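Structural overview for review
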Amino acid sequence: MRPTATRLDGMPGPKSFSPWWGDTSIHKQRGVVVYTVSPFRQRGSKAMIRGWLFNGYRRLAAQVPYWIVPFAIGYGTYTWAKRRDAWQNSKAGHIALGGHH
């Protein structure tokens, strides 16, 4: 059994810009320019730490008013409910609410 040749499968390759459905002509495309950056010029993590320290801090600090208020309200509600629950389950809470312990 012979494997199928890639050049005959009809799918466009990386340098082919013509559509593959119904197009049987193989014309060289004109005016298509492809730009790439050399892998030696790419530095993805060159200033990652330094950029995060300044820009990340600025962006996080800008978001503080939006999450600190709901967090403070939630934490205050949680601590109030814990104290109220402890008081209601105590002897003093039962007596104050008219129940018996």
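Residues numbered from 1 in each chain as written. Predicted model: local features only at pLDDT ≥ 70, side-chain atom pairs only at ≥ 80, totals over all residues. Heavy atoms only, no water.

The name given to the protein in an unreviewed UniProt entry is Cytochrome b-c1 complex subunit 8, with the source organism recorded as Suillus placidus. Database annotation for the protein, UniProt heading Function (unreviewed entry): "Component of the ubiquinol-cytochrome c oxidoreductase, a multisubunit transmembrane complex that is part of the mitochondrial electron transport chain which drives oxidative phosphorylation. The complex plays an important role in the uptake of multiple carbon sources present in different host niches." Looking at the protein in UniProt, the text filed under Subcellular location (unreviewed entry) is "Mitochondrion inner membrane". (UniProt positions renumbered as here; feature names shortened; annotations may be inferred.)

1. Quick word on a nonpolar patch on the surface
A surface patch of nonpolar side chains, amounting to about 840 Å² of accessible area, comprises Val64, Trp67, Ile68, Val69, Phe71, Ile73, Tyr75 and Tyr78. Within the secondary structure, Val64 sits in helix 1 (residues 48–88). (Patch = residues over 30% accessible without salt bridge, like charges linked within 9 Å, V, L, I, M, F, W, Y side chains within 5 Å. Areas by Shrake-Rupley, 256 points an atom, 1.4 Å probe, with all protein chains shown as cover. Salt bridge = Lys/Arg side-chain N within 4 Å of Asp/Glu carboxyl O. Helix = DSSP H or I, 4+ residues; strand = E, 2+ residues; numbered from the N terminus.)

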